[in-house]
Amino acid sequence: MSAAALIRRLRERDIRLWTDGAKLRYSAPEGAMTEEIRAEVAKHRAELLAFLAAAEAANDDMPPLGRAPRGAPLPLSFAQERLWFLEQLVPDTGAYNVAKTIRFRGRLDIAALRGAFRTLAARHETLRTCFPSEDGRATQVVAETVAADLPIVDLAQLDPARRDPVARHLADSHARRAFDLRRGPLWHVLLLRLDDEEHVLSVVLHHIVFDGWSAGVLVAEIAESYRALTAGAAPNLPELPVQYADFAVWQRGWLRGERLDRELDFWRDRLAGAPPVLDLPADRRRTTVQSARGAVAVFAVDADGTAALRRLSRECGATLFMTLMTAFKVLLYRCCGQSDLVVGTPIANRRKSELERLIGFFVNMLAVRTDLGGNPSFVDALERVKSSLVDAYSHQDLPFEYLVKALGVPRDLSHAPVFQVAFQLQSARAEAIELPGLVLEQMETDDRTAKLDMTVSISEGERTLQGTVQASTDLFDRETIERLGSLYVRLLGAIAANPRIPIDGLPLLDRQEREAVLRASASPAKPVPALLQARFERLAQRTGDLVAVADRDFQLTYRELNEQAAYLARRLVAAGVRREQLIGICMPRSAETIVAMLGVLKAGAAFVPMDHTYPAERLARMIEDSRLRLVITNAAARAALPCGDYDSLALERGARADAASPAGRLAAELPGGLPAELPGGLAAELPTMEPQSLAYVIYTSGSTGMPKGALLQHDGAANFAARCIEQKLVGPHCRFMKFASIGFDASIAEVFITLNAGGCVCIVPDDARRSTDVLQDWAREQAATDAILPPTLVALLEPAAFRTMRMLTAGGEACGPEIANRWGRAARFFNAYGPTETSVGPVLGRVREVAPGERVPIGRPLANVSAYVVDRAFEVVPPGIVGEICIGGVAVGRGYLGRPDMT
C-alpha cells in the first residue's frame, strides 16, 4: 500500500498523523488505532515520514492558529453559518440533533457523572455558546458559565418488563427535542434510572457545536473526569490552546486570495454539468419543502464477507472505505439508472493539531463525483472512485458551504444542494471505554430525522461491518429503506465473489428471490379469443337490433354494422385484396370509420389508421412506408390525402337509394373500373384467419425519431378486449365515448371492447373534442357510461358533469394522484399502460385511492401477458428499483414494419 493510500485510510478513521522531527505522531478516537493499522504504519514508516514532510511543506501558506481577541463580535465558521441558515428556514425539526445514548450496568456514581459534565462545559466554549442574530446575521456569544444540570427520571417504580421500552421511548423523544439557537446551552442530558444497577444516559447536542470527531473527545473526557472524581481527585486534563471561536476567526482569515481561487477553480471544474438531483427510486414524489422526517434501517456484513472485502481492497491498492463507497455508488447506479453520481462524504477537517482535542463543528463535506458509464467492471469502477476521492481529499480545505454559494446553486427547499445522498465509514470501536465498576453499552437512538434523502453509515468492527440506512420518510417507506440496506449487502457479496464482471451483471437477487419476483409478476394463462371481430359477429346474430354505433345524426345497429362491414369485405376480396394486405383508413371519426375497420378485418387484411388532420408530410410518409395500394376515405377527408401511387375507396353515407340491400345505407365506390356489384357466388367466400393474423398497424408518434409502424395481431387485441370485459370495465348496454383519434391505439380499445361487450360506440363530435364545456354537455346528453381519456384532459373535467359515468380509464401518459382520487370517488377508475408496440393496454389496474405524493400504480399485466421490470442486462430487478418494463405474451406485436433491425 502506498503512503498516500495509507494516509487516506487513516483519515477515514479520523486518525491524524504528523511528524515530530524523525518521529511519527498520531491522534485518534478511542479504539480506532487497531493492531492491524499499527503494523501498517510501522511497515511504511519511512514512506510516511517523507510523504508527510512534503505535505507539510506544501501547506506552509496556511497561517498559524492562535487565540483571537474577544472584544469584537465572534463570527460563525462557514459550516456553522450554513447550518444556522438552514435552521431559520425549517426551525424546530430536531433534524440537526446529534444524540448519544449509553447504558450503564453497575453502580453509577451520579455525583461524579454530574461533575464530569460540569468539567466538560468549563473546558469547551462551544458548550457555552449560543447564536443570537441581528438584522439576519448571527454571531457567537460565549457565556462564562453554564448550568450543566443532570436531570434524573426514576423508572424503578415501573414493572420490570416495562422499564426498558419506556427508557427507549424517553431517550428517543429526548433525542428529537429541538433547540433554540438563540439561547444556550445547545446540549442537554438526561439520566434514566432503571434500578440501582442500571442507568441509561442520553446526551443530545446540536450539530452546530458538535460533530463525529467530537463524540470521541466527549466520551474520552467524560471518562477521564469520572475516573478522577470517583477516586476523590480533580480531573487532570491538558489545557486547550485554542477554542472553536478562534478556529472560526482563523478560517475566515486565511482562506482567501490565490489559495481560495485555486480551490474554487478545482471544484467548479469538477462539478460542472453535474446532475442537480439524484433521481432515487422513491415511493413518493418529492415535496416542495423537506420535512426532515426520517427512519433508519440496519444491516450487517458477516465476518467472511468483511474479510473478503478487506482482501479485495488490499489487492486493488484501495482502502476499505473506497471499496464500500464504490459499491454504494454501484447500488445507486443500478437503482436510479444514472451513471453520473455525486455522493457526499464527511471529512474531519482538523488540519491543525490544536484542533484535535476540541469539541465543535469542524467536519467538512466533500462532493465526490464519479461517472460509472460504459458498464465497467467493479475493479475498474473502484479505480474511478479512488481517483475521485484522491482529488477531493487534495482539495478538502474549501468549506462545502462556501462551495454552494460560489456555485450559485439555486435555493430549492425540496432537496439539498450538490448532492442528496452521503456515505461514511467509521470505527465501531470508538466507544470501547472502561469506567470503574461499570459496563458500558451504546444504544441506538431512533431520532426519526433525515438531513438528506439518504445517508449510509458503516461502522467497522474487528471482524464484521454494521451499517445503517437513514432516509427521508417524505420519499421512502420504511420497507423500502430496509430493502435498500438488504440490496447493498447482497451487492457487496456479489462484488466480493466476482469483482471483475461488469457492474450491470452484478446480481441483486439470489435464485430464490429471483423466482419469487417472477412468480409475483406473472399473470394467469386463459383462452384467447380467435379473432378481434369474432365476438361482435356472434352478438350481431343474437342481438342485432341493439344500436352498435351512433353519432349526432346517424346510427347503425349490430346487424346493420355487421352487414355493412361484410359487404365492404366482399368488395375488397373481389377487388383482389390479399390476406394481411395493408389498407389505409383515412376519414373523420364516424360510423363509416368503424365499418371500414371491421370490413378490412373480415376481408383478412389489416388496416393502417391515419388521422386526416395529420400534416400532409406525415400522411405521405405513412403511405410510402407501409407501401399502401389502397386507402379507404370519403369526401370529407379526400382532400387531406397526398398524391401517390395508390387507389382510394370512397365510403360515403347514403350514396345508395336501395335501403333494403346490405349496402343500402352505406356505399363503397371502387375506382379503376372495378365492378359495382359482386360477382355471383362470391358472397360466402370470405377468408379464414388465425389468431396470429395481422390486424392493424399503428404508427408511433416519432418522438424518438422517425415514426415507425407497429404490427399488431388479432390475438393481442382480442385478448385485451376479452380481459376488459372479464374485469367488468365494460358491459352490455354501455355507452362508450369514442374520443381518441383513429391514429391512436386507444381508438382500437374504444371500438372493439365496446362491440365485444354489447355496448354502443358513441362518437364524440369534433366541437366537443375541442371544448371541455361542450364535451361535458355532450356526455350528459348521451348518458355516456365509459371512456378512455388522457389524464391531461381528465384533469380539466368535472365528475359532477358525468353523473352517468360508470368507468373511466386514464391512458397514454402519467396520471397524478389528485386526478385518480377525484375520479375514483365518482366512478370505477382505471390506470392503463401500454406502448404502441403492444396491443392497447396490456398492463391495467383499478385505482381507488392514492396518498398525496405517491405515484399512481399502473396495475398488473392482463391474463396471457407478462410484464417485468428489467435492468440493462435484461435481468429482473427487485421491487422498487428503476428499470425498463419488459412486456411479453400475446400483447406483443410482431415488431416494426420493414425495420427488423429496430424491432
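Residues numbered from 1 in each chain as written. Predicted model: local features only at pLDDT ≥ 70, side-chain atom pairs only at ≥ 80, totals over all residues. Heavy atoms only, no water.

Undergrad: Explain the overall build of the protein chain residue by residue, including any values.
TA: Along the backbone of the protein chain there are 26 helices and 36 strands. With the C-alpha coordinates of the protein chain rotated into their principal frame, the extents come out at 120 × 60 × 55 Å. Here the protein chain, with 903 residues, has 55% of them falling under the buried criterion. Accessible surface computed for the protein chain: about 38,100 Å², of which carbon and sulfur atoms make up 51%. The centroid of the 106 positive side-chain charges in the protein chain is displaced by 2 Å from the centroid of its 111 negative side-chain charges. (Helix = DSSP H or I, 4+ residues; strand = E, 2+ residues; numbered from the N terminus. Buried < 20%, exposed > 50% of the residue type's maximum accessible area, 1.4 Å probe, protein only. Areas by Shrake-Rupley, 256 points an atom, 1.4 Å probe, with all protein chains shown as cover. Lys, Arg positive; Asp, Glu negative; His and termini not counted. Charge placed at Lys NZ, Arg CZ, Asp CG, Glu CD.)

Undergrad: How would you explain the pattern of salt bridges if you had to name every residue and give the values?
TA: Opposite charge on two side chains permits pairing when their charged atoms draw close. What the rule picks out here adds up to 46 salt bridges. Notably, a salt bridge pairs Asp-510 with Arg-490, separated by 3.1 Å at the nearest N-O pair. Taken together, the positions of Asp-510 in the loop between α14 (478–497) and α15 (511–521) and Arg-490 in helix α14 put the pair 20 residues apart, joining distant regions of the chain. A single network of salt bridges, built from pairs that share partners, joins Arg-103, Arg-105, Asp-164, Arg-168, Glu-198 and Glu-441. (Salt bridge = Lys/Arg side-chain N within 4 Å of Asp/Glu carboxyl O.)

Undergrad: I'd love a proper account of the confidence of the model for the protein chain, names of residues and values included.
TA: Averaged over all residues, the pLDDT of the protein chain is 88; the fraction at 70 or higher stands at 93%. Of the regions scoring below 50 in pLDDT, residues 655–684 engages in 55 contacts with residues more than four places distant in sequence or in other chains. (pLDDT = per-residue confidence, 0-100. Contact = heavy atoms within 4.5 Å.)

Undergrad: I'd like a description of the sheet that holds strand β3 (residues 97–106), backed by residues and values.
TA: By definition, the strands of a sheet pair up through backbone hydrogen bonds, in either a parallel or an antiparallel sense. Strand order in the open sheet formed by 5 strands is β8-β9-β10-β3-β15, with mixed pairing between adjacent strands. The sheet is open, and its two borders are formed by β8 (152–154) and β15 (438–443), each paired with just one other strand. Taken over all neighbouring pairs, the strand axes of this sheet differ in orientation by 20° on average, direction set aside. Bridge count between β3 and strand β10 (residues 198–206): 9 bridges; the pairing is antiparallel. For Ile-102, the partnering residue across the bridge sits in β10 and is Leu-201. (Pairing = 2+ DSSP bridges. Axes fitted to C-alpha atoms, helices over the stretch in contact; angles between N-to-C directions.)

Undergrad: Describe the pairing of strand β29 (residues 786–789), naming the residues involved and giving the relevant values.
TA: Neither face of β29 is open: one carries Asp-786 and Ile-788, the other Ala-787 and Leu-789, and all of them are buried. By the bridge criterion, 4 bridges tie β29 to strand β30 (residues 807–810) in an arrangement that is parallel. The residue of β30 that forms the bridge with Ala-787 is Leu-808.

Undergrad: Residue-level account of the packing of helix α10 (residues 303–315) against helix α11 (residues 320–336), with values.
TA: It is the contact of α10 with α11, at a shortest axis distance of 8 Å, that shows an interaxial angle of 105°. As far as their axial angle goes, α11 and α10 are roughly perpendicular. Here Leu-309, Arg-310, Leu-312 and Ser-313 of α10 lie close against α11, whose contacting residues are Leu-320, Thr-323 and Leu-324. By residue class, the composition of the contact of α10 with α11 is 4 nonpolar, 2 polar and 1 charged. (Parallel < 35°, antiparallel > 145°, perpendicular 65-115°, else oblique. Nonpolar A, V, L, I, M, F, W, Y, C, P; charged D, E, K, R; others polar.)

Undergrad: Can you explain helix α22 (residues 746–757)? Please cite residues and give values.
TA: The end-to-end C-alpha distance of α22 is 16 Å, a good match for the 16 Å that 12 residues give at a rise of 1.5 Å each. Most of α22 is tucked away, with 12 of its 12 residues classed as buried. Residues Ala-746, Ser-747, Ile-748, Ala-749, Glu-750, Val-751, Phe-752, Ile-753, Thr-754, Leu-755, Asn-756 and Ala-757 constitute the buried set of α22. Just downstream of α22 lies Gly-758, where phi reads positive at about 90°. (Expected span 1.5 Å × (residues − 1).)

Undergrad: Give a detailed account of the environment of Glu-444, specifying residues and quantitative values.
TA: With respect to the helices and strands, Glu-444 occurs in the loop between β15 and β16 (454–460). According to the relative accessible area criterion, Glu-444 is exposed, its value standing at 62%.

Undergrad: Which residues make up unusual backbone geometry, and what are the values?
TA: In the segment running from Gly-184 into Pro-185, the intervening peptide bond is cis, with an omega of -5°. Inspection of the secondary structure puts Pro-185 in the loop between α6 (160–175) and β9 (187–195). Its identity is not glycine, yet Lys-728 carries a phi of approximately 60°, on the positive side. Note that Lys-728 resides in the loop between α21 (714–726) and β27 (735–738). One non-glycine residue, Ala-783, lies in the positive phi region at around 55°.

Undergrad: For the nonpolar core, give the residues involved together with the corresponding values.
TA: Counting residues in each nonpolar core, the largest one holds 140 residues, and the members touching the most others are Leu-324, Phe-423, Met-454 and Tyr-488. For this core, the element with the most residues is α11, which contributes 13 residues. Core analysis: the next-biggest nonpolar cluster, separate from the first, contains 72 residues, Ala-637, Ile-698, Ile-742 and Ala-746 among them. (Core = buried A, V, L, I, M, F, W, Y, C linked by side-chain atoms within 4.5 Å.)

Undergrad: Residue-level account of the side chain of Ser-626, with values.
TA: With respect to the secondary-structure elements, Ser-626 resides in helix α19 (residues 616–626). By relative accessible area, which is 7% here, Ser-626 ends up buried. In this structure the side chain of Ser-626 is engaged in a polar contact, spanning 2.6 Å, whose partner is the backbone oxygen of Met-622. Excluding residues within four positions of it along the chain, Ser-626 makes contact with Leu-582, Tyr-699 and Leu-897. (Polar contact = N/O pair within 3.5 Å; in protein donor to acceptor, adjacent residues only side chain to side chain.)

Undergrad: Can you explain the packing of α21 against α22? Please cite residues and give values.
TA: Where α21 contacts α22, the two axes come as close as 9 Å, and the packing angle between them is 60°. Our classification of the angle between α21 and α22 gives oblique. Two packed elements cross with a definite hand, and for α21 against α22 that hand is right-handed. Mapping the contact onto sequence places Phe-720, Ala-721, Cys-724 and Ile-725 in α21 and Ala-749, Phe-752, Ile-753, Asn-756 and Ala-757 in α22. For the contact of α21 with α22, the class distribution of residues is 8 nonpolar, 1 polar and no charged. (Left-handed = near helix turned anticlockwise from the far one by under 90°.)

Undergrad: Which residues make up empty space enclosed by the protein, and what values do they have?
TA: Applying the stated criterion to the full structure yields 12 cavities of 30 Å³ or more. The calculated volume of the largest cavity comes to roughly 130 Å³. In this structure, the largest cavity is lined by 14 residues; those nearest its centre are Ile-102, Phe-104, Leu-201, Val-219 and Ile-222. Looking at the lining of the largest cavity, the elements that each hand over two or more residues are β3, α5 (110–123), β10 and α7 (212–230). Among the residues forming the lining of the largest cavity, the class breakdown is 13 nonpolar, no polar and 1 charged. (1 Å grid on protein atoms, 1.4 Å probe; cavity = no way out; pocket = protein on both sides within 12 Å on 5 of 7 lines; lining within 4 Å. Points joined across faces, edges and corners; volume = space filled by probe spheres on them.)

Undergrad: Kindly report on the pairing of β16, identifying the contributing residues and their values.
TA: Judged by how many residues are buried, β16 sits mostly within the fold: 6 of 7 residues are covered. Strand direction decides the pairing type here: β16 and strand β17 (residues 465–472), joined by 7 bridges, are antiparallel. Looking across to β17, one finds that Thr-455 is bridged to Gln-470. From the end of β16 to the start of β17, which pair antiparallel, there are 4 residues.

Undergrad: I'd love a proper account of the packing of aromatic side chains, names of residues and values included.
TA: What the rule picks out here adds up to 16 aromatic pairs. Taken together, a centroid distance of 5.5 Å and an interplanar angle of 55° make the contact between Tyr-244 and Phe-247 tilted. Residue Tyr-244 and its partner Phe-247 are located together in helix α8 (residues 244–254), separated by 3 residues, close to a single helical turn. Neither residue differs from the other here; Tyr-244 and Phe-247 are each classed as buried. Geometrically, the ring pair formed by Trp-250 and Trp-254 is tilted, given 5.5 Å between the ring centres and 40° between the ring planes. (Phe/Tyr/Trp six-rings, centres within 6.5 Å; stacked < 30°, edge-to-face > 60°.)

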